[in-house]
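# Topology and contacts: notes
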Amino acid sequence: MRVYVPLTLPGLAAAHKAGEIGPGPLTAYAVTPGLREWYVSDDIEELEYAALNRAASASLRLIAGNPDVVRRRVVVAVDVPDGSAVADPDHSLDSSSIGEVRIPSPVALTEAAAVHVDADDAEKDVTAAAAALGAADLGDDDAQFTVDGAEDHELLWFGIQEIPNLIG
């Protein structure tokens, strides 16, 4: 099963140094029944793209909670054994947790398929979005527009062997 783990650049550096993403339990995003229902598509590539974007939103929340990190969203795509990533049924009606799964233990970085990271030119919009996130959560339409501005940036794809260049 492919899951998408939201991180920050320092989180990616720590995972690279440790050789694993952890400690567990990890929050990740995947194609779950709830995501399928929310996204309304049978195309697995579209559904995985939706899960990736949910993880990018979670990465933005990690950034907003830590003013010292570089303002670039990071998502690691990891393949885990079927059944090891489980959706919490208590959160199935919570729109903020659509596609969210829990992985009980750390995941070896060797299981990663790719790393997705914002380009340098997204930093300004990601910085503004991180600052506006709280107001957007409270229903401020202008703040939501600012958050959406970060989401307009596509994450770039990098191979695992490129992590040293990303965190360097």
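These notes cover the structure that comes with them. Per-chain numbering applies: the sequence of each chain, read as written, is numbered from 1 onward. With the structure being a predicted model, the display of local features is reserved for residues of pLDDT at least 70 and the display and counting of side-chain atom pairs for 80 or more, all residues being used for whole-chain, interface and lining totals. Only hydrogens and water are set aside when side-chain values are computed; all heavy atoms of the structure are taken into account.

## A look at the overall build of the chain
Looking only at helices and strands, the chain has 6 helices and 8 strands in total. Starting at the N terminus and ending at the C terminus, the chain contains elements arranged as β-α-β-β-α-α-β-β-β-β-α-α-β-α. Compactness check: the chain gives a C-alpha radius of gyration of 15 Å against a globular reference of 15 Å for 168 residues, within 12% of the reference. Projected onto its principal axes, the C-alpha positions of the chain cover 40 × 40 × 25 Å. Each residue's exposure class comes from its accessible area (1.4 Å probe, protein chains only) as a fraction of the maximum for that residue type: buried when under 20%, exposed when over 50%, partly exposed otherwise. Within the span of the chain, comprising 168 residues, buried residues form 42% of the whole. By definition in these notes, contact holds between two residues if any of their heavy atoms fall within 4.5 Å. Of the contacts made within the chain by residues no fewer than 6 positions apart, 76% connect residues no fewer than 24 positions apart. Helical segments are the DSSP runs of H or I of at least four residues, strand segments are the runs of E of at least two, and each set is numbered from the N terminus. Within these notes, the globule rule equals 2.2 Å times the number of residues to the 0.38 power, and the radius of gyration is based on C-alpha atoms.

## Some details on the pattern of salt bridges
A side-chain nitrogen of Lys or Arg and a carboxyl oxygen of Asp or Glu constitute a salt bridge if their distance falls within 4 Å. Within the structure shown, the criterion is met by 5 salt bridges. Between Arg73 and Asp118 there is a salt bridge; the shortest N-O distance is 2.7 Å. One end of the pair, Arg73, is in the loop between helix 3 (44-64) and strand 4 (74-79); the other, Asp118, is in the loop between strand 7 (112-117) and helix 4 (123-137), and 45 residues separate them in sequence. As far as burial versus exposure is concerned, Arg73 and Asp118 are alike and both buried.

## Observations concerning the side chain of Asp118
Residue Asp118 is classed as buried on the basis of its relative accessible area, which comes to 0%. Looking at Asp118, its side chain comes within polar contact range of the side chain of Arg73, at 2.7 Å. With sequence-adjacent residues up to four places away left out, Asp118 is seen in contact with Arg72, Arg73, Val126, His153 and Leu155. Here a polar contact means two N or O atoms within 3.5 Å. Within protein one must be a hydrogen donor candidate and the other an acceptor candidate, and residues neighboring in sequence count only if both atoms are side-chain atoms.

## Some words on the environment of Pro106
Inspection of the secondary structure puts Pro106 in the loop between strand 5 (100-103) and strand 6 (107-108). Residue classification places Pro106 among the partly exposed positions, given a relative accessible area of 35%. In this structure, the C-alpha to C-alpha distance between Pro106 and Ala56, residues 50 residues apart in sequence, is 20 Å. Residues contacting Pro106, with those up to four places away along its chain left out, are Glu20, Ile21, Gly22, Pro23, Gly24 and Leu26.

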